[in-house]
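Structure assessment
In case you want the letters, here they are:
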Amino acid sequence: MAEHHLTTPITDADVEKLKTGDVVFITGHIYTARDAAHKRLVETLDAGKSLPFDLKGALIYYVGPSPAPPGRPIGSAGPTTSYRMDTYAPRLHSLGLKGTIGKGKRSDEVKAALAEHKAVYLGATGGAGALLSQRITDAKVIAYEDLGPEAIRELTVKDFPLLVINDCHGGELYVKPNLG
């Protein structure tokens with residue numbers, strides 16, 4: 001397992017060097033979006049309109065953060081389960097999205113899109129939202145404010161810690177739980 005420090009926007013060359021199990025630290029801008037926001041993104045595309053941010057080289061974090069405490073840009077920001085966005089992800093990858101961040105397994109269609117479009121699925125540690133939020137230096141709503149915690153935000157992150165779960169080469173990290 002290698003360690004990589006990447007700055008957004010992410011390139012094909014960045015993605016191609018990532019292997020399942022690698023540790024990645026992201027610095028720059030990432031975007032938040034969950035189920036309702038993904039639905040609106042696709043509806044926007046279907047209507048022939050521009051998206052609220054450029055997908056090329058972007059990373060989307062599947063998170064609905066809690067309200068920011070005094071003096072902080074964001075509250076707890078732990079990942080949500082990714083499979084709920086699986087119907088939308090392949091289309092977004094085809095338009096230049098280089099990666100998604102969440103937790104849990106992805107569908108075969110998403111894994112195929114990662115390979116076809118040189119993209120990656122990164123895991124954030126579930127249950128560590130308060131710790132992850134310490135790597136977020138700024139957060140601003142850029143679209144769909146009416147969705148509350150599920151609004152699209154642009155986050156500025158510094159060394160945001162992630163793990164490569166699915167790489168663009170077909171690799172997949174799966175740890176079988178030890179049930180006794």
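Residues numbered from 1 in each chain as written. Predicted model: local features only at pLDDT ≥ 70, side-chain atom pairs only at ≥ 80, totals over all residues. Heavy atoms only, no water.

In the nomenclature of an unreviewed UniProt entry, the chain is known as Fumarate hydratase of Solidesulfovibrio carbinolicus. Quoted verbatim from the Sequence similarities (unreviewed entry) field of the UniProt record, the comment on the chain reads "Belongs to the class-I fumarase family." (UniProt positions renumbered as here; feature names shortened; annotations may be inferred.)

Quick notes on the overall build of the chain
From N to C terminus, the chain includes five helices and seven strands. Along the chain, helices and strands appear, N-terminal first, in the series β-α-β-α-β-α-β-α-β-α-β-β. Its C-alpha atoms give the chain a radius of gyration of 15 Å, near enough to 16 Å, the size a compact globule of 180 residues would have. Over its C-alpha atoms, taken along the principal directions, the chain stretches across nearly 40 × 40 × 35 Å. Within the chain, the proportion of its 180 residues that are buried is 48%. Taking the contacts inside the chain whose residues are at least 6 apart along the sequence as the reference set, 63% of them involve residues at least 24 apart. With an accessible surface of roughly 8,600 Å², the chain has 53% of that area assigned to carbon and sulfur atoms. (Helix = DSSP H or I, 4+ residues; strand = E, 2+ residues; numbered from the N terminus. Rg over C-alpha atoms; globule rule 2.2 N^0.38 Å. Buried < 20%, exposed > 50% of the residue type's maximum accessible area, 1.4 Å probe, protein only. Contact = heavy atoms within 4.5 Å. Areas by Shrake-Rupley, 256 points an atom, 1.4 Å probe, with all protein chains shown as cover.)

A short note on helix H4 (residues 108-117)
Of the positions making up H4, those classed as buried are Val110, Ala113 and Leu114. Angular distribution of buried residues about the axis of H4 spans 105°; they occupy a single face of the element. With respect to the buried face of H4, the exposed residues turned more than 90 degrees away are Asp108, Glu109 and Glu116. In this fold, the buried residues of H4 make contact with helix H3 (89-94), strand S5 (120-123) and strand S7 (152-166). Two residues or fewer after H4 comes Lys118, characterised by a positive phi angle close to 50°. (Arc of directions from axis to C-beta.)

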